[in-house]
Amino acid sequence: MDFINIEKKWQKTWADTRLYSFDKSKTDKKKYVLEMFSYPSGAKLHAGHWYNYGPSDSYARYLRMKGYEVFQPMGFDAFGLPAENYAIKTGVHPQDSTLKNIETMEGQLKAIGGSFDWDYEVVTCLPEYYKWTQWIFLQLYKKGLAYRKQAPVNWCTDCNTVLANEQVIDGCCERCGHPVIRKNLTQWFFKITDYAEELLQGLDKLDWPEKTKAMQRHWIGKSQGGEIEFECATGDKFRVFTTRADTIFGVSYVVLAPEHPLVDKLTTPEQKQAVEDYKAQTAKIAEIDRLSTTREKTGAFTGSYCINPINGERVPIWIGDYVVGSYGTGAVMGVGAHDDRDFAFADKYNLKIERVIKSADGSADDLPYCEHGVLVNSGEFDGMTTEEAIPAILAKLEKMGKGGVKTNYRLRDWLISRQRYWGCPIPIIHCDHCGEVPVPEDQLPVKLPYNVDFTPDGKSPLLKSEEFMNTTCPICGRPARRDPDTMDTFVCSSWYFLRYPDAHNDKMAFDPEIINKMLPVDKYIGGAEHACMHLLYARFFTKALRDMGYLNFDEPFTSLVHQGTILGPDGNKMSKSRGNVISPDDYVKKYGADAFRMYLMFGFSYIEGGPWNANGIDSIIKFLERVERLVIKAKKNQPKQELGKAEKELNYVRNYTIGRVDADMQTFSFNTAIARLMEFVNALYKYDSDLGDNKNQEFFYSCVDDLVLLLAPFVPHVSEELNEMMGGPYSVFNRAFPTCDESALVKDEYELAVQINSRVKAKIVVPSDADAEQIKAIALEEPTVKALLEGMNVVKTIVIPKRLVNIVVK
RNA sequence: GCCGAAGUGGUGGAAUUGGCAGACGCGCCGGACUCAAAAUCCGGUGAUGGCGACAUCGUGCGGGUUCAAGUCCCGCCUUCGGCACCA
């Protein structure tokens with residue numbers, strides 16, 4: 001079979017006949033199948049792209065043949081750091097390299113044989129798209145969901161530039177090797193934390209991998225506890241957050257984060273030097289390097305004291321970088337006896353450690369004791385359990401006006417400012433008189449200028465473009481400056497699935513009437529690496545836009561599947577530096593896109609992936625040629641004949657195959673679906689060689705016809721060709737997927753195993769309608785069984801119809 | 001450290017959710033066709049012992065529940081992902 005030319009032939013026919021064009025009048029039967037769009041960094045698709053797009057395209061084709069109107073669009077996540085870095089290295093402008101890469105990748109995606117409707121293509125770096133990214137920014141801003149505040153960035157003092165986390169290697173700049181420090185800049189945030197609770201609750205209803213949902217739950221990190229207010233001698237007050245209010249009588253100190261706003265005020269003159277030194281020291285350590293539990297706890301005494309509201313005790317106020325400024329209140333109470341970290345800190349600085357919880361059975365004496373237990377040395381609360389004491393103590397504090405129940409989330413607001421060129425400009429103008437002014441919507445898009453010096457030299461690249469920066473204030477008309485930052489690319493990808501169904505609308509981001517019919521996405525397919533970022537941001541955008549009235553659904557992706565990763569032959573992630581990258585091109589050139597796709601679907605479990613090996617890719621060719629020979633043998637328009645015994649057996653296999661392939665497609669179990677197809681082919685060969693010229697030609701033809709239809713999603717070009725060879729109508733993808741005839745699966749009799757003491761000793765054939773008693777009788781009469789039971793005492797007999805009989809003897 | 005997933009022949013991977021472990025392939029062995037080879041077709045293939053029918057063992061390790069465990073429970077080991085001082 002000439003796979004290469006067959007592919008060209010059908011790709012042209014499909015394009016000429018606009019076969020994959022989505023019919024908007026049929027949204028009642030729509031299925032929105034979406035693969036995560038790709039980043040056009042390299043010029044070529046790699047094996048991972050194939051593994052994502054090939055099998056999921058087969059799934060889309062299967063749905064189409066099941067009678068759905070499938071919407072399967074494709075686009076590119078085109079802004080981002082790699083293109084900019086590439087530009088810095090080579091001088092090729094990011095826009096030029098990106099658009100060129102996109103063109104190449106479009107061609108390759110067509111070569112895979114993907115059934116994408118390119119009329120709906122979306123490219124995030126084009127003004128007609130990012131205009132609406134900016135529009136969404138403005139809606140969030142209006143709603144109070146976009147705001148500015150100071151936040152640290154990774155700053156290389158040598159390059160004078162901001163670095164992304166992945167550009168910081170072991171605390172040093174990846175480019176020059178100089179140490180990286182944290183520096184505060186005023187930056188834009190999206191207030192995703194407003195949606196923390198709904199983002200958490202919504203997970204329960206989603207058909208997503210449990211693992212991914214667990215990761216999001218953990219990322220959101222809901223924690224129920226309480227806040228407790230401590231008052232200082234100066235009259236200043238601050239609160240701590242704790243989940244263990246029951247340990248409050250054991251507080252022997254409190255710790256503020258070094259960046260806590262009260263630190264300077266509370267520091268006494270004698271302690272000023274020590275505190276300043278400590279703050280300088282922690283500023284040197286980038287946040288990502290604040291490495292966890294293994295790092296020794298450090299801190300400094302402020303010289304001030306505060307009052308424990310529950311017992312009036314005077315406790316010292318410390319600062320320490322083991323307290324995270326951005327979580328809770330940025331302050332914790334120190335209970336050395338009942339927290340591992342507090343214990344280490346108290347031990348190091350000789351702070352009091354007093355037990356206030358003992359184990360319920362009094363067994364555990366060691367400190368720190370971090371389990372729940374019973375209160376001691378806790379005044380009126382003595383004898384209560386942890387579970388009783390927490391609400392009781394918080395209730396009392398609330399009555400005193402000194403705290404109460406509080407829920408915290410680990411989730412932080414989303415920092416979207418990037419001090420980079422190749423991204424979507426932020427549509428805000430800074431005016432000396434009017435302050436922060438949103439760009440009026442009729443002035444969108446704020447275009448990213450082409451001629452910009454993006455070499456890293458300490459300034460945001462856009463800041464150096466006078467043409468871009470200088471504008472007039474929309475309110476007062478005086479000269480003003482634009483915001484020089486661009487948005488995180490995750491902003492662009494947080495709404496692209498909303499744009500696809502209405503991709504060319506130049507009046508709005510999307511028409512609510514259209515997307516309310518087209519969304520949510522029915523099946524979303526992509527890598528597990530997006531579990532927390534992209535998938536969470538997209539959910540946030542959907543909910544925020546819903547609350548603004550732009551759409552009417554709660555979740556963007558009803559059902560989600562992660563494909564596994566194809567690793568290099570050595571079992572490691574493919575990477576250029578390891579030299580273990582498998583290029584699909586050579587295989588595609590040799591075997592064709594269909595065979596390569598089918599091999600990927602057969603040789604791996606789709607969800608799991610695994611190390612690449614080419615063993616067996618030849619067998620796919622062999623298999624397809626076996627199918628072709630059947631097609632050649634199948635004769636159309638033969639007279640109808642009664643089905644004999646051999647035909648009934650084959651018909652059983654045919655319908656069993658249909659049922660199993662149907663079920664396997666729905667669970668993305670492509671490898672087993674193909675295994676069933678191979679079995680069907682084996683059965684067809686057996687039938688053909690057994691009966692030769694005496695076979696039922698009409699029946700044989702219909703079986704082979706079903707085979708071609710079943711095969712179509714897996715090998716689209718080949719099946720289209722085979723369908724044509726058989727005289728079937730164009731296109732095979734306009735034909736219906738075969739349906740399973742349940743009556744063909746009903747057998748008169750079936751075989752089951754007979755066990756004696758759980759070991760298979762014989763096989764029996766029983767009528768299909770036999771009940772347990774009859775099956776038991778047949779089993780006991782079976783000669784081998786009968787002989788083995790001679791002189792044995794049958795204790796009991798278990799009969800599982802359709803499975804086995806187990807006779808227990810002594 | 002915490003959370004999650006996985007561990008099955010020489011090999012990629014199956015197993016209707018507690019019911020005949022190893023489907024379907026690859027590889028290997030044998031046979032048919034052929035002067036021969038390739039291609040193709042058919043058969044065999046977990047391990048050990050036995051000429052043999054058969055027996056024993058076998059799903060990371062050790063226990064347990066059950067007539068029956070790859071699957072459930074308890075305790076470990078290893079690998080891979082995620083989180084990482086979140087009070």
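Peer 1: I keep staring at the packing of aromatic side chains and nothing clicks. Help me out?
Peer 2: Centre-to-centre distance and the angle between the planes together describe a pair of aromatic rings. Evaluation of the coordinates by the stated rule reveals 61 aromatic pairs. For the pair phenylalanine 137 and phenylalanine 190, a centre-to-centre distance of 5.8 Å together with 50° between the ring planes defines the contact as tilted. Of this pair, phenylalanine 137 sits in helix H5 (residues 127–142) while phenylalanine 190 is found in strand E9 (residues 180–190), placing the two residues 53 residues apart along the sequence. The two residues phenylalanine 137 and phenylalanine 190 agree in class, both being buried. Looking at lysine 149, its charged tip hangs above the ring of phenylalanine 189, at a distance of 4.7 Å from the centre. The residue whose ring lies beneath lysine 695 is phenylalanine 700, and the NZ or CZ to ring-centre distance is 5.0 Å.

Peer 1: Looking at this structure, how should I read the packing of helix H3 (residues 81–90) against helix H4 (residues 94–112)?
Peer 2: Viewed as axis vectors pointing N to C, H3 and H4 meet at an angle of 120°, and their least axial separation amounts to 9 Å. One way to sum up the angle between H3 and H4 is to call them oblique. Crossing of H3 over H4 shows right-handed handedness. Residue-level contacts link Ala83, Glu84, Tyr86 and Ala87 of H3 to Pro94, Ser97 and Thr98 of H4. Per-class residue counts for the contact of H3 with H4 are four nonpolar, two polar and one charged.

Peer 1: Would you take a moment to explain the pairing of strand E22 (residues 428–431) for this structure?
Peer 2: Residues in a regular strand project their side chains so that they alternate between the two faces of the sheet. What you see with E22 is no split at all: Ile428 and His430 on one side and Ile429 and Cys431 on the other are buried throughout. As judged from the four bridges shared by E22 and strand E23 (residues 435–438), these two strands associate in the antiparallel manner. Residue histidine 430 lies in a different strand from E23, and its bridge partner there is glutamate 436. Pairing between E22 and strand E25 (residues 479–482): two bridges, direction antiparallel. Within E25, the position partnered with histidine 430 by the bridge is arginine 481.

Peer 1: For this particular structure, what's the right way to read unusual backbone geometry?
Peer 2: In terms of backbone geometry, most residues other than glycine have negative phi values and most peptide bonds are trans. The omega angle of the peptide bond from leucine 367 to proline 368 is -5°, so this bond is cis rather than trans. Position of proline 368 relative to the elements: it lies in the loop between strand E16 (357–358) and strand E17 (374–375). The omega torsion across tyrosine 730 and serine 731 is -10°, close enough to zero to call that bond cis. Notably, phenylalanine 668 is not glycine yet its phi reads approximately 60°, a positive angle. Its location among the elements puts phenylalanine 668 in the loop between helix H20 (645–666) and helix H21 (670–691).

About the thresholds
Residues numbered from 1 in each chain as written. Chains lettered and ligands numbered in written order. Predicted model: local features only at pLDDT ≥ 70, side-chain atom pairs only at ≥ 80, totals over all residues. Heavy atoms only, no water. Phe/Tyr/Trp six-rings, centres within 6.5 Å; stacked < 30°, edge-to-face > 60°. Helix = DSSP H or I, 4+ residues; strand = E, 2+ residues; numbered from the N terminus. Buried < 20%, exposed > 50% of the residue type's maximum accessible area, 1.4 Å probe, protein only. Lys NZ or Arg CZ within 6 Å of the ring centre and 35° of its normal. Axes fitted to C-alpha atoms, helices over the stretch in contact; angles between N-to-C directions. Parallel < 35°, antiparallel > 145°, perpendicular 65-115°, else oblique. Left-handed = near helix turned anticlockwise from the far one by under 90°. Contact = heavy atoms within 4.5 Å. Nonpolar A, V, L, I, M, F, W, Y, C, P; charged D, E, K, R; others polar. Pairing = 2+ DSSP bridges.

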